[in-house]
Amino acid sequence: MAYKLPLGRLPTNIESIRLYRDILRGSNIFTWRDEKGNLWRDVLRKNARAEFEQARFEKDHIIVARLLVVGRDCLNQTMWKIEEQQNKVREDIEKTRNS
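Small disclaimer: the values here were computed from a predicted structure and weren't measured.

Participant: So what exactly am I meant to see when it comes to helix H3 (residues 61-98) here?
Facilitator: Structural remark: α-helix, 3.6 residues per turn; residues separated by three or four positions point the same way. Between its first and last C-alpha atoms H3 spans 55 Å; for 38 residues at 1.5 Å apiece the expected length is 56 Å, and the two agree. Turning to H3, its buried residues are Val-64, Leu-68, Leu-75 and Ile-82. Lining the buried residues of H3 we find helix H1 (12-27). At the N-terminal end of H3, a side-chain oxygen is found 3.0 Å from the backbone nitrogen of Ile-62, two or three residues along, and the residue is Asp-60.

As structure tokens, then:
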């Protein structure tokens with residue numbers, strides 16, 4: 001008989017893989033370069049990979065859960081801020097077109 005999880009809960013390994021993939025997808029928005037000429041997308045992906053590798057062998061479920069919650073929140077806030085800025089730019093473009 002297979003182990004059943006409470007409704008709405010995923011094993012932490014599935015949650016972490018989902019978060020990592022969402023970070024990779026979200027990083028595609030960052031197409032500009034840093035002062036060294038590296039794409040921000042690549043810098044963000046490298047840093048995300050390093051952080052996931054650091055937490056890879058963490059055994060404390062509370063720490064793993066905290067890392068997942070903080071990581072998800074950070075990703076959500078970043079994506080929300082990017083979307084907010086894109087909307088402002090879009091509105092400014094519309095204002096200048098209609099002027």
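After that view of the structure, there is still more to cover.
Participant: Looking at this structure, I do not really get the side chain of Asp-34. What am I missing?
Facilitator: Considering the arrangement of structural elements, one finds Asp-34 in the loop between H1 and helix H2 (40-54). Here Asp-34 sits buried without a salt bridge, and the closest side chain of opposite charge, Lys-36, lies 6.2 Å off (N-O distance). Polar contacts involving the side chain of Asp-34 include one to the main-chain amide nitrogen of Asn-38, which spans 2.8 Å. In contact with Asp-34, not counting residues within four places along its chain, are Trp-40 and Val-43.

Participant: Can you walk me through the pattern of salt bridges in this structure?
Facilitator: A side chain of one charge can pair with a side chain of the opposite charge if their charged atoms are brought near each other. Applying the stated criterion across every chain yields a total of six salt bridges. Salt-bridge contacts for Glu-94 lead to Arg-97; the nearest nitrogen and oxygen are separated by 3.6 Å. Taken together, the residues span about one helical turn, with Glu-94 and Arg-97 both in helix H3 at a distance of three residues. When its relative accessible area of 38% is taken as the criterion, Glu-94 is described as partly exposed. Three or more residues are tied together by salt bridges with common partners; here these are Asp-22, Arg-25 and Arg-72.

The rules behind the values
- Residues numbered from 1 in each chain as written.
- Predicted model: local features only at pLDDT ≥ 70, side-chain atom pairs only at ≥ 80, totals over all residues.
- Heavy atoms only, no water.
- Helix = DSSP H or I, 4+ residues; strand = E, 2+ residues; numbered from the N terminus.
- Expected span 1.5 Å × (residues − 1).
- Buried < 20%, exposed > 50% of the residue type's maximum accessible area, 1.4 Å probe, protein only.
- Contact = heavy atoms within 4.5 Å.
- Polar contact = N/O pair within 3.5 Å; in protein donor to acceptor, adjacent residues only side chain to side chain.
- Lys, Arg positive; Asp, Glu negative; His and termini not counted.
- Salt bridge = Lys/Arg side-chain N within 4 Å of Asp/Glu carboxyl O.

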